[in-house]
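# Structural overview
Residues per chain are reported as follows:
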Amino acid sequence: MINQIYDVSGDLPGNVFLIKGEKNFLFDTGMACCGEKMAERTEEALKGEKLDYVFLTHSHYDHVSGLPFLRRKWPDLTVYTAPHGKGVLEKESALAAIRRMNLAGAKVQNMKEPAYEDWELRADKTLTDGQSVDLGSWQVTAVETPGHTRDCLSYLVKRRGCEKALLMCCETAGVYAGEAGFMPCFLVGYTSAIQSIEKMKGLGAQLILLSHYGIISLQQKPDIWEKCLEDAKKAKSVMEKAVLSNMTEEEQIKAMAEVFWTEPVWPYQPFDAFAANMKAMLKTVRQETLGRNF
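This text gives an overview of the structure that appears in the document. Keep in mind that what you see is a predicted model, and the values were worked out from it rather than measured.

## Examining the overall build of the protein
- A count of helical and extended segments in the protein gives 9 helices and 14 strands.
- A compact globule built from 294 residues would reach a C-alpha radius of gyration of about 19 Å, and the protein, at 18 Å, matches this within 12%.
- Structurally, the protein occupies a C-alpha span of about 60 × 45 × 30 Å along its principal axes.
- Put simply, the protein has 294 residues, and 54% of those count as buried.
- For the protein, long-range pairs separated by at least 24 residues make up 68% of all intrachain contacts whose partners lie at least 6 apart in sequence.
- Within the protein, one finds 35 positive and 39 negative side-chain charges whose respective centroids are separated by 2 Å.

## What about helix α5 (residues 92-108)?
- Between its terminal C-alpha atoms α5 stretches 25 Å, which fits the 24 Å expected from 17 residues at 1.5 Å a residue.
- All of the buried residues along α5 are Ala94, Leu95, Ile98, Asn102, Ala104, Gly105 and Ala106.
- Backbone geometry just after α5 places Asn110 at a positive phi near 55°.

## Concerning the packing of aromatic side chains
- Per the counting criterion, the structure on display carries 16 aromatic pairs.
- On the numbers, 5.8 Å between centres and 85° between planes, the contact of Phe25 with Phe55 is edge-to-face. Of this pair, Phe25 sits in strand β3 (residues 25-27) while Phe55 is found in strand β4 (residues 53-55), placing the two residues 30 residues apart along the sequence. We note that Phe25, like Phe55, is buried.
- Each ring, one from Phe25 and one from Trp138, has its centre 6.2 Å from the other, and the planes form 80°; the classification is edge-to-face. Separated by 113 residues along the polypeptide, Phe25 in strand β3 and Trp138 in strand β8 (residues 138-144) bring together distant segments of the chain.
- An aromatic cluster of at least three residues, connected via ring pairs, comprises Phe25, Phe27, Tyr53, Phe55, Tyr80, Trp138 and Tyr155.

## What about the packing of helix α6 (residues 190-202) against helix α7 (residues 224-243)?
- Orientation of α6 relative to α7, taken along the N-to-C sense of each, is 175°, at an axis distance of 10 Å. Considered as vectors, α6 and α7 are oriented roughly antiparallel to each other. On α7, the residues touching Tyr190, Ile194, Ile197, Glu198, Met200 and Lys201 of α6 are Trp225, Glu226, Cys228, Leu229, Ala232, Lys233 and Lys236.
- Split by residue class, the contact of α6 with α7 holds 8 nonpolar, no polar and 5 charged.

## So, the packing of α7 against helix α8 (residues 249-260)
- Contact geometry of α7 with α8 gives a least axis separation of 10 Å together with a crossing angle of 155°. By the angle class used here, α7 and α8 are roughly antiparallel. For the crossing formed where α7 meets α8, the hand is right-handed. Residues Ala235, Val238, Met239, Ala242 and Val243 of α7 touch α8, and the partners they reach there are Gln252, Met256 and Phe260.
- For the contact of α7 with α8, the per-class residue count stands at 7 nonpolar, 1 polar and no charged.

Quick notes on the rules
Residue numbering note: each chain is counted from 1, following its sequence as written. For a predicted model such as this one, the threshold for reporting local features is a pLDDT of at least 70, and the threshold for listing and counting side-chain atom pairs is 80 or more; totals across whole chains, interfaces and linings nevertheless cover every residue. Side-chain figures throughout are based on the complete set of non-hydrogen atoms in the structure, without hydrogens or water. Helix numbers and strand numbers start at the N terminus; a helix is a DSSP run of H or I with at least 4 residues, a strand a run of E with at least 2. The reference for a compact globule is 2.2 Å times residues^0.38; the radius of gyration itself is calculated from the C-alpha atoms. Summary of the burial criterion: residues with accessible area below 20% of their type's maximum are buried, those above 50% are exposed, and those between are partly exposed, where the area comes from a 1.4 Å probe applied to protein chains only. Only heavy atoms enter the contact rule, under which two residues are in contact if any of them lie within 4.5 Å. A positive count includes Lys and Arg, and a negative count includes Asp and Glu. His and the chain ends are not counted in either. To locate a charge, take NZ of a lysine, CZ of an arginine, CG of an aspartate or CD of a glutamate. By this rule the span expected of a helix is its residue count minus one, scaled by 1.5 Å. Two aromatic rings from Phe, Tyr or Trp, using only the six-membered ring of Trp, form a pair when their centres are within 6.5 Å; if the ring planes differ by under 30 degrees the pair is stacked, by over 60 it is edge-to-face, and anything between is tilted. Inter-axis angles, ranging from 0 to 180 degrees, are taken between N-to-C directions of lines fitted to C-alpha atoms, where helices are fitted over the stretch in contact. Should an angle fall under 35 degrees it is taken as roughly parallel, and over 145 as roughly antiparallel, whereas 65 to 115 is taken as roughly perpendicular and any remaining angle as oblique. Lys, Arg, Asp and Glu make up the charged group, whereas Ala, Val, Leu, Ile, Met, Phe, Trp, Tyr, Cys and Pro make up the nonpolar group; the residues left over, Gly among them, are polar. Should the near helix be turned counterclockwise from the far one by less than a right angle, the crossing is left-handed, whereas a clockwise turn marks it as right-handed.

Here it is in structure tokens:
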């Protein structure tokens, strides 16, 4: 199975993955400034075959913004996402925010301003929890895993004749940084994130494809889900202390940046994006914490 999975990211590795077969499909598409290179790498890996499908894990700018460059090469491409995600990609305010973040991302990457039209970011079809798409030798099943966003989907991937299953994890699991562990990403719900991680763990996939990282084998790292849960709980504890302090919101974000916005994260996430995400997480912790009378 692993030899049919290709990292075709246009920037840093771990952002866009291609799986080849009777039908060829991608998970996520990266930032706009890297979209042209990502599409070229996809074309090279396909060696004359066409790209048939894209499965989006959620609607954030660094996951959807390569779509225009793929559509220009493969106009018949079909893009799947969650129903809420499809709606997000049709909202003017969301599209404007995606463009702002793409401009910030291009600046961090020292690349030219990306050229695309908002309508090119559209999704074509939606999937809900448990719905599958039969791709010949492959089957892709949507797994609703909210926590990072409301529209987060992970995907359980099975290949005909292969006992092992692959799970493409959405960012609700966090962003894995090797020995440094998982950076938290529970923007819209800590409790829902923990439930989603437990759900992903319970699927029993032997291969885990982590967003912004790559493939992990449970045979090599059997405790990966325990580490994921442990780091999420530790992060919540750190944020609770900040929320319950006398710091302003801006001071809280700066304090959290010293803990979580570390040098390995910088190329993947401009500070503006980190600050927006952390503001959302602090709000989530504040609401859930106050609900438990902390």
